[in-house]
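# Results of the structural survey
Each chain, written out:
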Amino acid sequence: TLSDGVWISDCDSNTISSSGNITISGSFYCSGSTVIWLSDGKKIKLSGPLTKHSSTDKLKVIPNTYQRGNVIVEADGTNITDISAFKDCFDIDDGNDNEWACYLSADNSKLFVNAPYFVAPASSTPSGYGNGSDSTGDGTREYPYESIYRVTNDIHYNNIALDYTIKVAGTITG
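My aim in this report is to walk through the structure given alongside it, one point at a time. Counting restarts for each chain: residues are numbered from 1 in the order of the written sequence. Residue-level local features of this predicted model are given only where pLDDT is at least 70; pairs of side-chain atoms are given and counted only at 80 or more, and the full residue set underlies all totals for whole chains, interfaces and linings. Excluding hydrogens and water, the side-chain values take into account all heavy atoms of the structure.

### Examining the side chain of T140
Short version of the rule: The helix and strand labels rest on DSSP assignments: H or I over at least four residues marks a helix, E over at least two residues marks a strand, and numbering proceeds from the N terminus. Here a polar contact means two N or O atoms within 3.5 Å. Within protein one must be a hydrogen donor candidate and the other an acceptor candidate, and residues neighboring in sequence count only if both atoms are side-chain atoms. We call two residues in contact whenever any of their non-hydrogen atoms come within 4.5 Å of each other.
Note on placement: T140 falls in the loop between β13 (117-119) and α1 (148-158). Within the local environment of T140, its side chain forms a polar contact with the side chain of D138, the two groups lying 2.6 Å apart. Engagement of the side chain of T140 in a polar contact is seen with the backbone nitrogen of Y143, the distance being 3.2 Å. If we skip the residues at most four places from it in the chain, T140 touches R68, N98, W100 and F118.

### Looking at the packing of aromatic side chains
Given two aromatic rings, one states the distance between the centres and the angle between the planes to describe the pair. What counts here: Stacked, tilted and edge-to-face are the three classes assigned to paired rings of Phe, Tyr and Trp, where Trp is represented by its six-membered ring and a pair needs centres within 6.5 Å; plane angles under 30 degrees give stacked, over 60 edge-to-face, the rest tilted. Each residue's exposure class comes from its accessible area (1.4 Å probe, protein chains only) as a fraction of the maximum for that residue type: buried when under 20%, exposed when over 50%, partly exposed otherwise. Charge-over-ring contacts are defined here by two conditions on Lys NZ or Arg CZ: a distance within 6 Å of the ring centre and an angle within 35 degrees of the ring normal.
Counted by the stated rule, this structure contains 4 aromatic pairs. Both rings, one in F118 and one in Y129, keep their centres 5.6 Å apart while their planes meet at 70°; by these two values the pair is edge-to-face. One end of the pair, F118, is in strand β13; the other, Y129, is in the loop between β13 and α1, and 11 residues separate them in sequence. Overall, F118 belongs to the buried group, its relative accessible area being 0%. Taken together, the aromatic side chains of Y117, Y145 and Y164 make up a single cluster linked through ring pairs. The side chain of R68 reaches across the aromatic face of Y117, ending 3.7 Å from its centre. One Lys or Arg, R141, reaches over the ring of Y129 and ends 5.1 Å from the middle of that ring.

### Structural notes on the pattern of salt bridges
Formally: Each salt bridge in this description consists of a side-chain nitrogen of Lys or Arg and a carboxyl oxygen of Asp or Glu lying within 4 Å of one another.
Scanning all chains against the criterion turns up 5 salt bridges. Residue K167 pairs with E99 through a salt bridge whose shortest N-O separation is 2.8 Å. Of the two residues, K167 is situated in strand β14 (residues 166-168) and E99 in the loop between β10 (90-92) and β11 (101-104); the sequence distance between them amounts to 68 residues. E99 sits in the partly exposed class, given a relative accessible area of 31%. Among the salt bridges present, the one from R150 reaches D154, with a minimum N-O distance of 3.7 Å. You can see R150 and its partner D154 sitting in helix α1, 4 residues apart, about one turn around the helix. Overall, the relative accessible area of 24% leaves R150 in the partly exposed class. Judged by relative accessible area, which is 12%, D154 ranks as buried. In the salt-bridge network here, residues are joined through shared partners; they are K43, K45 and E74.

### A few points about the sheet that holds strand β9 (residues 71-75)
The test is simple: At least two bridges found by DSSP between two strands are what make those strands a pair. Here an axis means a line fitted to C-alpha atoms, over the contact stretch when the element is a helix, while the angle between two N-to-C directions is reported on a 0 to 180 degree scale.
Read across the sheet, 5 strands follow the order β3-β6-β9-β12-β11 without closing on themselves; strand pairing throughout is mixed. With partners counted over all chains shown, the strands left at the sheet margins are β3 (22-24) and β11, one partner each. Mean inter-strand twist for the sheet, computed between neighbouring axes without regard to direction, equals 25°. Across 3 bridges, strand β6 (residues 44-46) lies against β9 in parallel orientation. Each residue of the ladder has a partner; that of K45, found in β9, is E74.

See below:
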């Protein structure tokens, strides 16, 4: 639990790692780019406001597994029910240029991760993309799918009500 009056700054010396949920309560001050590592299925619960030292300060959230639709921050539902004012306090980046980002839920109570789906041909892949494969790809820039059909199956299977972007590199079929 990070609580009232706690000031965390400079990600080089402040990395928070937890195998459980992290609760932020009271007036937590964010300065610099503090890194928070989350285990699978765990999240940050807000039960108090966040105060940024400057407009560029962020809590950089690094989940153990990057999966579209995973909730990484949520309101506690009692002290805070709407986290829209704190959305810009969080950032997510897997370091592989897959364009992961934090998105606010429709009811403003959660932040979840999402990223575009990447599709590329199996060979002659444009620079910056891996070779497309519907069997071994995961829809990231590193491991794109080979067909839009595979993306639509993924979206249907996950059954998560999100807006999706599909980025296509080169010429594909299917």
